[in-house]
Amino acid sequence: MSEPKPPTPTPGDNYKGWLFKWTNYIKGYQRRWFVLSNGLLSYYRSQAEMGHTCRGTINLATANIAVEDSCNFVISNGGAQTYHLKANSEIERQRWITALELAKAKAVHMQAESDDSGDDCPSVPPTSGQGGGCRNSEIQSTLRTLNSKVEDLTTCNDLIVKHGSALQRSLSELEAIRVGGDMGEKIKQVTERATLFRITSNAMINACRDFLSLAQSHSKRWQKALQVERDQRIRLEETLEQLAKQHNHLERAFRGATVLPSSFSNSTLGNKGGSGKGDASDEDDDNEFFDAMEDPAEFITVPADPKYHRRSGSNVSGLSSETGMDDQSVNFDELSLASNPESPQPQELEPVRQRRTRIPDKPNYYLNLWSIMKNCIGKELSKIPMPVNFNEPLSMLQRLSEDLEYYELLDKAAKCQSSLEQMCYVAAFTVSSYSTTVHRTGKPFNPLLGETFELDRLKECGYRSLCEQVSHHPPAAAHHAYSEKGWSLRQEITLASKFRGKYLSIMPLGSIQCIFEKSNNHYSWKKVTTTIHNIIVGKLWIDQSGEIDVVNHRTGDRCHLKFTPYSYFSRDVPRKVTGVVTDKDGKAHYVLSGTWDEKMEFSRVMQSSKGENGTEGKQRTVYQTLKAKEIWTKNPLPEGAETMYYFSTLALTLNEPEEGVAPTDSRRRPDQRLMEDGRWDEANAEKQRLEENQRTRRREREREAVKTASTPEEAVSEDSINDSPLKTDAVETATEANEVSEETDTEDSLSHASAASPYGPSPHPYSTESKDGPYGVQVKSFHQDNYQALWFEKVDDQVSGETLHVYKGGYWEAKDQGSWDMCPDIF
């Protein structure tokens with residue numbers, strides 16, 4: 001296997017790696033290990049020799065660096081030392097040249113500063129044996145002086161302790177004796193010891209003064225030298241940034257100049273050999289590829305092999321048709337789509353209204369979560385009533401609508417000609433939905449049954465969205481969105497939770513589906529687990545972990561995304577996400593990498609191979625990729641977001657009052673509106689009123705369901721209970737159980753779901769549940785709920801095989817007519 005690629009050098013860093021050094025005409029170039037450190041370039045036959053045998057060293061302060069060709073360069077000090085070196089590739093050669101030039105500039109500056117310091121040290125360039133010149137000897141001399149002063153202070157301290165103890169004893173004896181003949185002798189002894197103590201103290205004070213004076217004088221010089229180094233580093237960073245921008249500009253200009261007409265591209269490729277791949281080759285220069293991931297990573301990405309860019313003859317033309325042109329389609333995706341006559345031309349969309357950019361600041365109310373949790377031990381987690389202090393002034397339906405913040409990714413996906421490229425955009429869209437959760441530790445309001453939320457951005461962004469709470473037990477919300485750009489999104493989300501004391505895990509259940517009209521591609525995926533840490537003690541923080549499989553049911557393409565959980569001992573980037581896009585045969589075409597709170601990148605796979613086994617015995621795959629391209633970046637938070645619940649720009653507009661919405665819309669919810677206005681005590685009271693009204697409506701539905709139940713099985717069950725001698729106890733027990741369930745059935749709970757039990761979710765709302773009554777009697781506990789969603793209906797999707805609520809139409813027509821007679825009064 002090849003040696004690992006050394007890291008890209010930065011100013012001030014040491015640099016090391018393998019190079020080929022010219023020895024003689026018989027042996028030619030020989031592989032040697034080179035180390036660049038402190039302005040000196042040394043080489044060894046192997047890494048093992050670094051501790052004992054150096055084969056040669058050149059001081060870069062007086063050296064000349066020259067480039068011969070794409071991989072070769074020469075270093076000479078003008079005398080007998082001249083190194084002819086060769087790197088494995090042009091990229092590696094350029095990294096070495098950059099590191100050497102930076103080290104040379106730093107060495108020259110250090111030497112000039114040492115000459116101008118005003119010291120008596122001769123201005124002789126430091127040799128390899130000296131290892132630092134007069135500046136090093138100056139520092140050593142200063143350190144020796146400081147050490148001697150410290151030793152003087154230590155000696156004085158010992159003497160002060162010794163004489164001080166003797167003086168204390170003398171004073172004690174002086175107090176103990178009576179006035180007599182030996183008084184004069186004792187007083188004389190005390191005087192002598194006091195004199196010794198004073199002399200020693202004066203010596204220590206003088207030594208401290210000398211030490212302080214010396215430290216201050218040298219401190220000024222060191223501060224000046226440090227400031228010079230900082231200024232030099234800043235200048236180098238600015239220069240490198242400017243060079244990188246110029247290189248990027250030239251690279252783009254070169255790519256634009258090498259786009260050939262299709263009529264003579266093949267002949268040109270055949271005549272010029274590898275020149276047709278100049279585009280892809282230049283893309284690989286300066287490429288930052290992903291670092292090798294730690295276990296349990298499943299794959300590693302490395303630069304594509306140079307053979308993909310330097311072929312001649314028929315091989316080049318064949319490769320161009322397979323990879324080069326496809327990569328070109330990625331680079332000029334937007335350009336080609338804009339010129340495609342079949343693609344719908346973008347229209348200038350003007351906002352119809354000015355959306356708000358601020359909401360009232362969050363009040364500083366403190367409430368300890370543990371003070372509530374400790375009183376609910378033994379209860380089902382979903383039955384714990386939660387005050388609005390832990391909420392944010394948005395409902396779960398509005399949080400679902402926030403998934404559309406980066407709708408542009410689906411707009412771009414709808415324009416893609418390749419289903420594999422389209423998969424990359426859909427995968428990035430699934431990751432982008434988590435970017436708003438990184439600081440959002442407050443829980444949204446659990447919607448009331450029948451509550452809806454519309455997000456009409458048709459004139460501004462080209463899409464419309466509708467959510468409805470379609471089930472009460474377990475709480476479930478259905479979402480439907482469609483866009484004029486040719487895509488539609490639908491999802492049904494039910495949440496299960498597990499409370500483990502220190503953290504709370506929320507597992508979304510249900511499927512998300514995205515359908516594109518033009519290609520008829522049908523994608524589906526599920527969400528990962530959200531974990532809220534430090535529930536009892538500490539600052540709350542959120543992490544996402546798990547795996548997502550985005551499946552294209554029409555083509556069989558698949559994208560496997562992995563959300564790496566945070567670990568204190570991991571060297572990986574926090575909130576890391578990686579993914580691989582494969583076709584129906586399992587062949588990898590794209591690699592995705594990034595973080596779920598910042599950005600995602602994707603790169604085309606040129607070749608894959610099996611790598612070495614990890615620590616867990618899993619064989620990792622090595623992907624050779626082209627340059628990574630950014631596919632999604634998080635929008636910055638608005639100014640003052642920390643005082644507005646860390647809402648994004650879209651989230652600030654979700655609860656904005658709007659005319660013409662349904663009476664069941666979340667914007668009309670009174671407790672949520674009171675909380676947004678900062679009136680939390682009133683919001684808590686209003687929340688309890690809404691929940692009690694919902695419990696009353698549920699009891700009425702259950703009573704109606706019991707009255708309409710007329711199946712023979714239920715009749716037999718009821719007769720058997722009525723005829724039983726234990727009828728009274730059994731019915732009373734069942735009634736008490738129902739009453740307890742109803743009274744503790746608060747709509748808003750910590751888990752947002754009734755599936756917190758370790759035994760799985762609660763029974764289906766349209767079913768009945770049999771329980772063991774006293775003495776083993778089977779009692780039918782009627783929890784039937786005949787509620788039917790207003791705008792959604794439950795269907796079996798034939799493509800994905802999922803059962804979910806699908807929008808059945810009628811909402812937007814009712815809005816246009818202003819007729820909401822069918823809507824229930826839930827607020």
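Numbers given for residues are sequential positions, taken from 1 along each chain in its written order. Under the rules for a predicted model, residues below a pLDDT of 70 receive no local features and side-chain atom pairs below 80 are neither given nor counted, while totals for whole chains, interfaces and linings still include all residues. Side-chain measures were taken over the full set of non-hydrogen atoms in the model, leaving aside hydrogen atoms and water.

Engineer: Would you mind showing me how to read the packing of aromatic side chains here?
Structural biologist: Given two aromatic rings, one states the distance between the centres and the angle between the planes to describe the pair. Pairing of aromatic side chains requires ring centres within 6.5 Å, counting the rings of Phe and Tyr and the six-membered ring of Trp. Pairs whose planes differ by under 30 degrees are stacked, by over 60 edge-to-face, and all others tilted. With the rule as written, the count across this model stands at 18 aromatic pairs. When the ring of Tyr434 is compared with that of Phe563, the centres are 5.4 Å apart and the planes differ by 70 degrees; the resulting orientation is edge-to-face. Of this pair, Tyr434 sits in the loop between helix 11 (419-432) and strand 10 (443-445) while Phe563 sits in strand 20 (residues 558-563), placing them 129 residues apart in sequence. Three exposure classes are used, based on accessible area relative to the maximum for each residue type with a 1.4 Å probe and protein chains only: buried under 20%, partly exposed in between, and exposed over 50%. In this structure Tyr434 comes out as buried when scored by relative accessible area, which is 5%. For Phe563, a relative accessible area of 1% puts it in the buried group. Ring pairs connect the aromatic residues Trp791, Tyr811, Trp812 and Trp820, which therefore count as one cluster. Remark: a charge is flagged as sitting over a ring if the NZ atom of Lys or the CZ atom of Arg is within 6 Å of the ring centre and within 35 degrees of the ring normal. A cation over an aromatic ring shows up here: Arg31 above the ring of Trp18, its NZ or CZ 4.0 Å from the ring centre. Numbering of helices and strands starts at the N terminus; helices are DSSP runs of H or I of at least 4 residues and strands are runs of E of at least 2.

Engineer: Just checking my understanding: could you explain helix 11 for this structure?
Structural biologist: Along an α-helix, a turn takes 3.6 residues, which lines up residues three or four apart on a common side. Taking 1.5 Å of rise per residue, the 14 residues of helix 11 would be expected to cover 20 Å, and the 20 Å separating its terminal C-alpha atoms lies within 8% of that figure. Most of helix 11 sits out of view: 14 of its 14 residues are buried. What a helix is expected to span follows from its residue count: subtract one and scale by 1.5 Å.

Engineer: Is there a simple way to explain the side chain of Glu49 in this structure?
Structural biologist: Locating Glu49 in the fold gives a position in the loop between strand 3 (40-44) and strand 4 (56-59). Judged by relative accessible area, which is 11%, Glu49 ranks as buried.

Engineer: How should I be thinking about the packing of helix 10 (residues 408-415) against helix 11 in this particular structure?
Structural biologist: To describe two helices that pack against each other, one gives the angle between their axes and the distance between the axes. A fitted line through C-alpha atoms serves as each axis, taken over the contacting stretch for helices, and the angle formed by two N-to-C directions is quoted from 0 to 180°. With their axes 8 Å apart at the nearest point, helix 10 and helix 11 run at an angle of 170 degrees to one another. It follows from the interaxial angle that helix 10 and helix 11 lie roughly antiparallel. In contact with Leu409, Leu410, Lys412, Ala413 and Ala414 of helix 10, helix 11 contributes Gln422, Tyr425, Val426, Ala428, Phe429 and Ser432. Residue polarity follows a fixed list, in which Ala, Val, Leu, Ile, Met, Phe, Trp, Tyr, Cys and Pro are nonpolar, Asp, Glu, Lys and Arg are charged, and the others, Gly among them, are polar. Residues of the contact of helix 10 with helix 11, tallied by class, amount to eight nonpolar, two polar and one charged. The cut-offs work like this: below 35 degrees is roughly parallel, past 145 is roughly antiparallel, 65 to 115 is roughly perpendicular, and the gaps in between are oblique. Note on contacts: a residue pair qualifies if any of its non-hydrogen atoms lie within 4.5 Å across the two residues.

Engineer: Sorry, what's going on with a nonpolar patch on the surface here?
Structural biologist: Patch rule: a residue counts if its relative accessible area is over 30% and it has no salt bridge; like charges are joined within 9 Å, and nonpolar side chains (Val, Leu, Ile, Met, Phe, Trp, Tyr) within 5 Å. The Shrake-Rupley method, run with a 1.4 Å probe sphere, supplies the accessible areas, and residue values consider only the shown protein chains as cover. Each salt bridge in this description consists of a side-chain nitrogen of Lys or Arg and a carboxyl oxygen of Asp or Glu lying within 4 Å of one another. A grouping of Tyr566, Tyr568 and Phe569 is seen on the molecular surface, where their side chains present a nonpolar patch of about 470 Å² in accessible area. The residue Tyr566 is located in the loop between strand 20 and strand 21 (576-582) in this model.

Engineer: Looking at this structure, I do not really get the pattern of salt bridges. What am I missing?
Structural biologist: Oppositely charged side chains are able to pair whenever their charged atoms sit close together. Inspection of every chain in the model, using the stated rule, returns 33 salt bridges. Put simply, Arg93 and Glu90 hold a salt bridge, and the shortest N to O gap is 3.9 Å. Remark: Glu90 and Arg93 occur in helix 1 (residues 90-115); sequence separation between them is three residues, near one turn of the helix. With relative accessibility at 8%, the residue Arg93 sits in the buried group. The partly exposed category is assigned to Glu90, whose relative accessible area is 32%. In this structure, the salt-bridge partner of Glu658 is Arg667, at a minimum N-O distance of 3.7 Å.

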